[in-house]
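# Inside the fold
Letter by letter, the chains look like this.
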Amino acid sequence: MKKNNFLKFFSYLKKFLIGLLASVGFLTLLTFTFFLLFISNRDIIVNQPNKIKGDVILTLDLNQIFRETNYIKWSEPKINLREIINAIYFAQKDNNVKALLAINNNNNMNLTQLKDLRDAIKNFKKSNKSTYLYTDTFGEFNNSTGSYYLASIFDEIWIQPSGYVGLIGLSIIQPYLSDFLKKIGIEFEVFKRENYKSAMEIFSEPKISKYNEEALNKLLSSMSTQISKEISDSRNFTFDEIVKIIDNGPYFSNEAKDIGLVDNLGYKDEFDSRISNKYKNVKRINIEDYSYLIKNNKEITSEKTVAIIYASGQIQMDRNNTGLPSDDIISAKHLSKVIINAANNKNIDAIILRVDSPGGSPIASDKIWRATNIIREKNKPFIVSMGNTAASGGYYISMAADKIFAQPTTITGSIGVLTAKPVIRDMLKDLDINIYSSKFGNNSDLFDITKKSNKQKVELINNYLDKVYYDFINKASIGRNLSIEEVSKVAKGRVWSGSDAIQKGLVDYYGGLREAIEYTKQTLDMKDNEPIGIIILPKPIDPLEKIVETLLDGSVFQNVSNTIRLINNVAYELFNFHKNNQSSLNIQF
């Protein structure tokens, strides 16, 4: 009887605690929801201009984080790189816009993003509109070659008298950890296709291999040549002169002015006074407000529509366990669905896949590749625009396109596959840790990290890699209309710059997203000045909707930890603190 009473009491106590936790969780969630609503309403009521009145100078703050697109609503920054570039191209033909003025400099963008933005500013200058840049400094005794590469396209470069120009070139530095790891009892087994597939080399080798050294030096040479040539063209140097200038860098501001790297020394207030005197009674409009005007211009109509689908990050089968997208992960499950839906949508006339990915899971990549083939089956133009990186799995999901665009600074290719595992047997021995193991199935211990792989398992792994590798080559051969021999020659896991990739037949044309859009218009028989409708996919997720969805499906009570993780992730995205870094030693492209 006492036992029954105790069990009954325990049951009531359990229900009480569950109800209490559920209530507290729900109240916390409700409070957080109202907080998010406050944030969203604050964003909504920000004053936006209805139209441009009179002449204006377009202003651009380069001292911000630039993202390709926004995956989460309300995440910072409020304007992404695509919208900035589109606004600059639009302003080139806008008679109200008299000049472009940029403030500060940016070391947050990769070379291809810098190239895309630089091309937009170069196009802006074709209308004989002036461009100005002011910066306090190009770094503080650090490498700011990328920042100066962008700045060099402006007509006038101003720098604070105490500033610095860190134009010193590009470099690659790689540590090799094999000898150190062996000292603590760890070895790496690496299986790859083929010699140039060097992603795990830093763990398995004591120094760089001749294949990796060849590929990296070629890549470095190609990119250095590209940016040196563009800087020399913009600043009226010969190529040999800019190479010498880079070799002798860095420079103090007065030295930079003397050799022609900058035009004026002055403080921000002096720069502002100069611009105000030159453009009297001309107002300034920031690029965020200008972009808002473009997006909400009801007078711009179009008969054709292109879907731009973003694929950014490491390729894996699904998202992280919060369910929220990010620019670090490509979910094959979600992206393939987005691609197929766009292919079947009768209101979408063409599709551009914007790829910025170093690769990932072969199976996940193949799932996306199949989805891209459905676009072709629907007889819709399918164009790929490569970002900074479209290598390995990133190239795999691109190779079925009708045409591929890449910047000279894009890193692509890497047609290959690898897998690796650490072996910690010696470390365990040194630590006096003993391991017991038992198995059912001869290969159930295939990736047992406590011992080296035997001959049978090595053969099994190699057979698998061969199958994946030759499937990659075969599909690349079909997609690129090259022979197996031609693809095999440029494959072997080797990375190529965009400029080299064009010569090898892996890419079709130079250019960024803008050039890909213009080419798509041609395939749709549109005129040069004819506007085209653009749909951005995947659509940014509203975190509030995601929380409500979680509440409605009951998972908030079924899995408290995931719900808390979701809320935390939303908070991080709102304040731009979240950064999802994942690594894997599984089979990888």
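All values derive from a computational prediction rather than experimental measurement. (Residues numbered from 1 in each chain as written. Predicted model: local features only at pLDDT ≥ 70, side-chain atom pairs only at ≥ 80, totals over all residues. Heavy atoms only, no water.)

Right, let's get into the pattern of salt bridges. Taken as a whole and judged by the stated rule, the model has 28 salt bridges. For aspartate 402, the salt bridge goes to arginine 376, with nearest N and O atoms at 3.4 Å. In this pair, aspartate 402 is assigned in the loop between helix H14 (393-396) and strand S15 (403-406) and arginine 376 in helix H13 (residues 362-377), connecting sequence segments 26 residues apart. Connected through salt bridges with shared partners, the residues Lys115, Arg118, Asp119 and Glu230 form a single ionic network. (Salt bridge = Lys/Arg side-chain N within 4 Å of Asp/Glu carboxyl O. Helix = DSSP H or I, 4+ residues; strand = E, 2+ residues; numbered from the N terminus.)

So, on to a nonpolar patch on the surface. Residues Met317, Ile363 and Tyr464 make up a contiguous nonpolar surface patch of roughly 280 Å² in combined accessible area. With respect to the helices and strands, methionine 317 occurs in the loop between strand S11 (314-316) and strand S12 (329-331). The class of methionine 317 is partly exposed, set by a relative accessible area of 36%. (Patch = residues over 30% accessible without salt bridge, like charges linked within 9 Å, V, L, I, M, F, W, Y side chains within 5 Å. Areas by Shrake-Rupley, 256 points an atom, 1.4 Å probe, with all protein chains shown as cover. Buried < 20%, exposed > 50% of the residue type's maximum accessible area, 1.4 Å probe, protein only.)

Moving on to the confidence of the model for the protein chain. In this model, the protein chain carries a mean pLDDT of 85, and residues with pLDDT of at least 70 account for 79%. Below a pLDDT of 50 lies the segment residues 570-585, which in the model reaches 35 contacts outside its immediate sequence neighbourhood of four places, other chains included. (pLDDT = per-residue confidence, 0-100. Contact = heavy atoms within 4.5 Å.)

With that settled, consider the packing of aromatic side chains. Summed over all chains, the structure comprises 14 aromatic pairs. An angle of 80° between the planes, with centres 6.1 Å apart, marks the rings of tyrosine 132 and tyrosine 279 as edge-to-face. Here tyrosine 132 is found in strand S3 (residues 130-135), whereas its partner tyrosine 279 is found in the loop between helix H10 (268-278) and strand S9 (283-286), with 147 residues between them in sequence. Here the two residues tyrosine 132 and tyrosine 279 agree in accessibility, since each one is buried. Each ring, one from tryptophan 369 and one from tyrosine 396, has its centre 6.5 Å from the other, and the planes form 70°; the classification is edge-to-face. With tryptophan 369 in helix H13 and tyrosine 396 in helix H14, the pair connects residues that are 27 residues apart, well separated along the chain. Taken individually, tryptophan 369 and tyrosine 396 each receive the classification buried, so the pair is uniform in this respect. The structure contains a cluster of three or more aromatic residues connected by ring pairs, namely Tyr134, Trp158 and Phe271. (Phe/Tyr/Trp six-rings, centres within 6.5 Å; stacked < 30°, edge-to-face > 60°.)

Contact geometry of helix H12 (residues 332-344) with H13 gives a least axis separation of 8 Å together with a crossing angle of 5°. One element, H12, and the other, H13, form an angle in the roughly parallel class. In contact with Ala332, Lys333, Leu335, Ser336, Ile339, Ile340 and Ala343 of H12, H13 contributes Ala364, Lys367, Ile368, Ala371, Thr372, Ile374 and Ile375. For the contact of H12 with H13, the residue count by class is 10 nonpolar, 2 polar and 2 charged. (Axes fitted to C-alpha atoms, helices over the stretch in contact; angles between N-to-C directions. Parallel < 35°, antiparallel > 145°, perpendicular 65-115°, else oblique. Nonpolar A, V, L, I, M, F, W, Y, C, P; charged D, E, K, R; others polar.)

This brings us to the packing of helix H7 (residues 210-235) against helix H8 (residues 239-248). Angle between the axes and distance between the axes: these two values describe a pair of packed helices. Look at H7 against H8: their axes get within 9 Å of each other, and the N-to-C directions meet at 110°. Compared by their axis directions, H7 and H8 come out roughly perpendicular. As H7 runs across H8, the sense of the crossing is right-handed. Contacts between H7 and H8 involve Thr225, Ser228, Lys229, Ile231 and Ser232 from the former and Phe239, Ile242 and Ile246 from the latter. Of the residues in the contact of H7 with H8, the class split is 4 nonpolar, 3 polar and 1 charged. (Left-handed = near helix turned anticlockwise from the far one by under 90°.)

On to the side chain of serine 232, then. Relative to the elements of secondary structure, serine 232 occurs in helix H7. Polar contacts involving the side chain of serine 232 include one to the main-chain carbonyl oxygen of lysine 229, which spans 2.7 Å. With residues near it in sequence (within four places) discarded, serine 232 still touches Phe237, Thr238, Phe239 and Ile242. (Polar contact = N/O pair within 3.5 Å; in protein donor to acceptor, adjacent residues only side chain to side chain.)

Attention shifts here to the environment of leucine 524. Relative to the assigned elements, leucine 524 resides in the loop between helix H19 (513-523) and strand S20 (533-537). Along the backbone, leucine 524 and aspartate 349 are 175 residues apart, and their C-alpha atoms lie at a distance of 7.9 Å.

Turning to the sheet that holds strand S2 (residues 97-103), a few remarks are in order. Here we have 6 strands laid out as an open sheet, ordered S8-S4-S3-S2-S1-S9, and parallel in their pairing. If you trace the sheet from one side to the other, it starts and ends with strand S8 (264-265) and S9, each paired once. For S2 and S3, the ladder comprises 5 bridges, and the chain directions are parallel. When the bridges of S3 are listed, isoleucine 103 appears paired with tyrosine 134. Against the sheet, H10 engages strand S1 (56-61), S2, S3, strand S4 (156-159), S8 and S9, with an angle of about 165° to S3. (Pairing = 2+ DSSP bridges.)

Right, let's talk about the nonpolar core for a bit. Ile309, Ile351 and Ile415 are the most contacted members of the largest nonpolar core, which has 53 residues in total. The contact partners of isoleucine 415, leaving out residues within four places of it in the chain, are Arg193, Tyr395, Tyr469, Phe472, Ile473, Ala476, Val487, Ala491, Lys492, Gly493, Arg494 and Leu506. With 52 residues, the next largest nonpolar core counts Phe66, Ile79, Leu133 and Val262 among its residues. (Core = buried A, V, L, I, M, F, W, Y, C linked by side-chain atoms within 4.5 Å.)

Take the pairing of S4 next. Covered by surrounding structure in S4 are Glu156 and Trp158 together with Ile157 and Ile159, the residues of both alternating faces. With 4 bridges connecting them, S3 and S4 associate as parallel partners. In the sheet register, tyrosine 134 faces S4, and the bridge partner there is tryptophan 158. In this region the chain leaves S3, passes through helix H4 (residues 145-151) and returns to the parallel neighbour S4; the handedness of that crossover is right-handed. Summarising the sheet, S4 and S8 pair through 2 bridges and their orientation is parallel. Bridge pairing links isoleucine 159 to leucine 265 in S8. (Right-handed = clockwise from strand over helix to strand, strands pointing away.)

Our next topic: H12. Given a rise of 1.5 Å per residue, 13 residues ought to cover 18 Å, and the 18 Å separating the end C-alpha atoms of H12 matches this to within 8%. Listed as buried for H12 are Ala332, Leu335, Ser336, Val338, Ile339, Ala342 and Ala343. For H12, the arc enclosing every buried residue in end-on projection is 155°, short of the 170-degree limit, so these residues lie on one face. (Expected span 1.5 Å × (residues − 1). Arc of directions from axis to C-beta.)

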